[in-house]
Amino acid sequence: MPSPLASPAAALADQGIRWVAITWVNHAGAPLVKVVPLAAVDAAAAVGVGFSPVSDAFRADGVIDPAHRLARPDGDLRLRADTHALALLEPGAGWAWAPGERFERGGAPYAGDQRFLCRHQQERLQQMGVELRAGFELEWLVAVPDPDGQPVPAIPGGPYGADRLVEGLDYATALLEAFEAAGLPWLQFHPEYGAGQFELSLAPGSPLEAADRLVLARLLIQRVTRRFGGSFGWRCSFSPKPSLERVGNGGHLHLSVQRQGVPLLQGGDGPGGLTGAGGGVLAALLEELPALLALACPLESSYRRLGPSSWSAPFQAWGVENREAALRLIPTADDGAAAHLELKVSDLTANPYLLLGAVQVVLLDGLQQQRPLPPPLSGDPALLPAGQVSRLPTTLAEASVAFASSALLRIGLGESLHGSLLDSQAAEVRRAAELSDADLIAADGWWPLVGGLV
Ligand code: GLU
Ligand code: MG
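This write-up is about the structure you can find in this document. (Residues numbered from 1 in each chain as written. Chains lettered and ligands numbered in written order. Predicted model: local features only at pLDDT ≥ 70, side-chain atom pairs only at ≥ 80, totals over all residues. Heavy atoms only, no water.)

Attention now moves to the site of ligand 1. As a matter of local geometry, ligand 1 sits amid Glu 139, Glu 192, Glu 199, Gly 248, Gly 250, His 252, Arg 305, Ser 310, Trp 311, Ser 312 and Lys 344. In this structure, an oxygen atom belonging to ligand 1 sits 2.7 Å away from a side-chain N or O atom of Arg 305. In the complex, 91% of the free accessible area of ligand 1, which totals 300 Å², lies under the protein chains. The residue inventory of the shell around ligand 1, partitioned by class, reads one nonpolar, five polar and five charged. (Near = heavy atom within 4 Å. Polar contact = N/O pair within 3.5 Å; in protein donor to acceptor, adjacent residues only side chain to side chain. Areas by Shrake-Rupley, 256 points an atom, 1.4 Å probe, with all protein chains shown as cover. Nonpolar A, V, L, I, M, F, W, Y, C, P; charged D, E, K, R; others polar.)

Here it is in structure tokens:
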């Protein structure tokens, strides 16, 4: 018999927790939730709570796309709380949070579950002696709605400015306290370049930990912005492009990789100190970037962010410390910091489990089949003669074609998950086709508020 304290419920009750919010992230990138009373959390971990597979047919605005293969009334799944990853959401008010994963009623993993993909790929890498460490950076805008409901920056102060930190110091305190209470490990927090924009860098962990932390961080930021700034009407926006005039919000992904305990991105004689195997990983990611983009930048408005000279890095290139290359190698140096790669194109509408699941598929392939690595990019690609550096897809439709034709991702994700993602991409392309650029940006301006301000 396990001791009573081995049960998450007993340990949480001691901390004043009464409810657990179990989230999973659908194909449209939206976190969905079921809440259980603390007394039911052990059952929610072992058996799960009901969730219909139709939720992956939701578009970014919450509408169910009728042409989606999952838009049907039958079937049911069980969302199980992963209580190993449980964290406190708002402990003072009795709330905890756990990421969830969906299983078939018979107990088998649901092959279409995004977190299952990430976990399964992580286990495959581990079996090969490969360890991937990952961490996201989150950028968001703190804003109030203008008379048309569009976000207007709410906290004054300049780019990276201590003036903005001090103007918003009580907000920053509330945020950092919430991260601390939740046990969310973070590395850095700062006012970003854009007006009213902030950034949080999460500490690296396993791919599953990185994705779970991103989900929790977004919930905490959304909650604190609302709680703290509610009386001023503040909300946060993680939209990739909250307005056409201002810089966008990225969701850059940092990656480092070791095999049998040996780091692959440093200590070699390739450019920036890459080893041969590290170069293989980079070359595979580079080749698959157009296809990966459909997961890293899944909304049509994501592509309005991806302009040159905005450090959103929309070029199919890699570079050593080059902020316009989609893959930026940050080499090790005398300060001893470990080398890592930054995928700069991704934004926060990406489902982090899908993105990291797919990145792991590509990474493993890059270790198994060596591709030639092109030379690194230096300087600003926008200033080079046209055609010298390939632009990544400039629309979701284009990225989706690359995703559809990637045999590697089709096999790695499995036919059913790959196919249902294609349906979601087609649904998003159709949604956007009915909107002007301005209306599209306005519709997604308060993401992750699905459906916008009502
Ligand atoms: N805001 C930029 C983006 O859209 C990134 C700025 C930076 O390099 O941190 O990704
Ligand atoms: Mg940034």
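Geometry of a packed helix pair, given as the angle between the helix axes and the separation of the axes. With their axes 9 Å apart at the nearest point, helix H3 (residues 114-127) and helix H6 (residues 207-229) run at an angle of 155° to one another. On the basis of their axis angle, the class for H3 and H6 is roughly antiparallel. For the pair formed by H3 and H6, the contact residues are Arg 115, Cys 118, Arg 119 and Gln 122 on the first element and Pro 207, Leu 208 and Asp 212 on the second. (Axes fitted to C-alpha atoms, helices over the stretch in contact; angles between N-to-C directions. Helix = DSSP H or I, 4+ residues; strand = E, 2+ residues; numbered from the N terminus. Parallel < 35°, antiparallel > 145°, perpendicular 65-115°, else oblique. Contact = heavy atoms within 4.5 Å.)

Tracing the backbone shows Asp 423 in helix H12 (residues 415-433). At 2.7 Å, the side chain of Asp 423 and the side chain of Arg 69 are in polar contact. Once residues within four sequence positions are removed from consideration, Asp 423 is found in contact with Ala 67, His 68 and Arg 69.

The next subject is the packing of aromatic side chains. Overall, the coordinates contain eleven aromatic pairs when judged by the stated rule. Judged by centre distance (6.0 Å) and plane angle (45°), the rings of Tyr 171 and Phe 228 are tilted. Taken together, the positions of Tyr 171 in helix H5 (residues 169-182) and Phe 228 in helix H6 put the pair 57 residues apart, joining distant regions of the chain. Classification of Phe 228 as partly exposed rests on a relative accessible area of 26%. Feature note: the residues Trp 140, Tyr 171, Phe 189, Phe 198, Phe 228, Phe 232, Trp 234 and Phe 238 constitute an aromatic cluster, connected by ring pairs. (Phe/Tyr/Trp six-rings, centres within 6.5 Å; stacked < 30°, edge-to-face > 60°. Buried < 20%, exposed > 50% of the residue type's maximum accessible area, 1.4 Å probe, protein only.)

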